[in-house]
Amino acid sequence: MINYTLSKDGKGVEVQIFVDAPYDRFVTKDSRFWNASGVDLSLNAGGLNLKTQSLVSVLAGGISFGQLPSSDEKTPPEPAPDGTRFVLNPTEDKALARPDGLAFPIRMKFDKSVRGLQTGSAIDFKGILLGEVKNISMEFDIATKETTVIVDGVIYENRLGAAIPEAQRRDKNGEALHDVALKEFVSSGIQAQLRFANIFTGQLYVALDYFPEMAKKPPVPDVNKQPVQIATVPGSFDELQQQLNVIVEKLKNLPIDSIGHSLDETLQSISKLARTLDSTMVPALTTTVQKAGRSLDGVNKTLGSVRGVVADESPVMLQLNGMIKELSRAAKSIRSLGDYLQAEPSSLIRGRSQDNIPFKESQ
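Residues numbered from 1 in each chain as written. Predicted model: local features only at pLDDT ≥ 70, side-chain atom pairs only at ≥ 80, totals over all residues. Heavy atoms only, no water.

**A closer look at the overall build of the protein**
Per the secondary structure count, the protein includes 8 helices and 16 strands. Residue burial in the protein is summarised as follows: out of 363 residues, 23% are buried. Pairs at least 24 apart in sequence give 59% of the contacts found in the protein among residues at least 6 apart. Of the roughly 26400 Å² of accessible surface on the protein, a fraction of 55% belongs to carbon and sulfur atoms. (Helix = DSSP H or I, 4+ residues; strand = E, 2+ residues; numbered from the N terminus. Buried < 20%, exposed > 50% of the residue type's maximum accessible area, 1.4 Å probe, protein only. Contact = heavy atoms within 4.5 Å. Areas by Shrake-Rupley, 256 points an atom, 1.4 Å probe, with all protein chains shown as cover.)

Okay, structure coming up:
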């Protein structure tokens, strides 16, 4: 850099630079220049970006330049003549970005908080960057006492891709009307929604999309009015917040005190029932088991008397033996039931507890 002066209109600074040979041949009409002051640190929706230049640029600052990608690689770019004026861009990304074409202004109105949205936030359509937010302001309606947030932005002609050549029309003088595609795009039923660009930083962006699940169709905007107003829909985080508020209100309305009181009374009733079973039913079952044992002893004595009269292999003795075996098994079952109820009387209410089988470690 050999000299710098204030521009004639006082709105900028003109910097005069000299590129030594043989590097001057790289300065063409497609060259782009940007400020390379050493460290470029930015925090945006994509996260934290850090770019560094050479040590000399870090210490003293500098200017870098590069070439825009050429669509025709066979034709070399034309060298720039001496004294050619270039725009000094603030960053490399803006310097090497393709021309955006016509900037089409749009306006969106939101009735919810736009905290996290800022000037320069992205406006995209299905993940494709179409434009950016230019201004955020507020509007108050005295009649309805309603406050809305107005977000003004622009979408660029060249970012709509192949839709531009097909939609271009010409006026009477043969000049192309470049805003035709943009007008058709904003009037095709798109709506705007605020979404999180970075959940950690809380930054928002404006998403243009179609929302067929909405019962109410968006109004057709007046494309002849500048800026064109686009309808908006609530963001997904607004719906989540409303659902959480409804859940909290339902939890507040639950009779927690009465539910706790009812549970306490139920537990006391169960405890009284268990004590009643322990004091009345278990002794009664024990007495029944003892009587069954005495009855079995009487049967055994009777069987001994019968054996003295009837032969062992007679049908009567076989039937008596079978009956005695059944009675013995029944008496054993009654004893087991009595022992189990003495150990766990509450099992009549809660049921039998799961057996505790010790774990055998493998050798």
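**Here we look at unusual backbone geometry**
Omega for the bond connecting Ala 21 with Pro 22 falls within 30 degrees of zero, at 10°, which places this linkage in the cis form. Here Pro 22 is to be found in the loop between β2 (13-16) and β3 (31-35). Residue Pro 227 follows Gln 226 across a cis peptide bond; omega there is -5°. Tracing the sequence through the fold places Pro 227 in the loop between β15 (203-209) and β16 (228-230). Positive phi values are uncommon outside glycine, yet Lys 126 reaches one of about 55°. Looking at the element boundaries, Lys 126 is found in the loop between β9 (122-125) and β10 (128-141).

**Regarding the environment of Lys 225**
One can find Lys 225 in the loop between β15 and β16. Overall, the relative accessible area of 54% leaves Lys 225 in the exposed class.

**Some points on a nonpolar patch on the surface**
Together, Met 1, Tyr 4, Leu 6, Val 13, Val 15, Ile 17, Ile 63 and Leu 88 give the surface a local cluster of nonpolar side chains, amounting to about 800 Å² of exposed area. Listing elements by their share of the nonpolar patch, those giving two or more residues are β1 (3-6) and β2. (Patch = residues over 30% accessible without salt bridge, like charges linked within 9 Å, V, L, I, M, F, W, Y side chains within 5 Å. Salt bridge = Lys/Arg side-chain N within 4 Å of Asp/Glu carboxyl O.)

**Here's the deal with the environment of Val 151**
For Val 151, the position within the fold is in strand β11 (residues 146-156). Taking C-alpha positions, Val 151 is 8.6 Å from Met 138, a pair spaced 13 residues apart along the chain. Residues in contact with Val 151, not counting those within four places in the same chain, are Ile 106, Arg 107, Met 108, Phe 110, Leu 117, Val 133 and Asn 135.

**Structural notes on the nonpolar core**
Looking at soluble globular proteins, one finds that nonpolar side chains tend to be buried together. Membership of the largest hydrophobic core comes to 26 residues, with the highest contact counts inside it found for Met 108, Ile 155, Phe 185, Val 186, Val 206 and Leu 208. Breaking this core down by element, the ones donating at least two residues are β8 (103-110), β9, β10, β11, α4 (179-186), β14 (191-198), β15 and β16. No other element matches the 4 residues that β8 contributes to this core. Apart from the residues within four sequence positions on either side, Met 108 is in contact with Ile 123, Val 149, Ile 150, Val 151, Ala 192, Val 206, Ile 230 and Thr 232. (Core = buried A, V, L, I, M, F, W, Y, C linked by side-chain atoms within 4.5 Å.)

**Here we look at the environment of Ala 192**
Topologically, Ala 192 is positioned in strand β14. In the structure, Ala 192 is positioned 42 residues away from Pro 234 in sequence and 8.8 Å away in space, judged by C-alpha atoms. Beyond its immediate stretch of four places on either side in the chain, Ala 192 contacts Met 108, Phe 110, Val 206, Ala 207, Leu 208, Ile 230, Ala 231, Thr 232 and Val 233.

**Side note on the sheet that holds β11**
The strand order across the open sheet built from 7 strands is β14-β15-β9-β10-β11-β8-β16, with neighbouring strands paired in mixed fashion. Pairing within the sheet leaves two strands with one partner each, and these edge strands are β14 and β16. Each neighbouring strand pair of the sheet contributes to a mean axis angle of 35°, computed without reference to strand direction. Contacts from α4 reach β8, β9, β10, β11, β15 and β16 within the one sheet, and its direction differs from that of β8 by about 20°. (Pairing = 2+ DSSP bridges. Axes fitted to C-alpha atoms, helices over the stretch in contact; angles between N-to-C directions.)

**Observations regarding the side chain of Gln 191**
By the element assignment, Gln 191 lies in strand β14. Excluding residues that lie within four positions of it along the chain, Gln 191 makes contacts with Ala 207, Leu 208, Asp 209, Phe 211, Pro 218, Ile 230, Ala 231, Thr 232 and Val 233.

**Topic: the pattern of salt bridges**
Where charged atoms of side chains with opposite charge meet at close range, the side chains can pair. In total, this model carries 6 salt bridges according to the counting rule given. Residues Glu 14 and Arg 85 are paired through a salt bridge, measuring 3.2 Å at the closest nitrogen-oxygen approach. Here Arg 85 lies in the loop between β6 (63-67) and β7 (88-89) and Glu 14 lies in strand β2, a separation of 71 residues in the sequence. Taking relative accessible area as the criterion, Glu 14 reaches 31% and is therefore assigned partly exposed. We classify Arg 85 as exposed; its relative accessible area is 68%.

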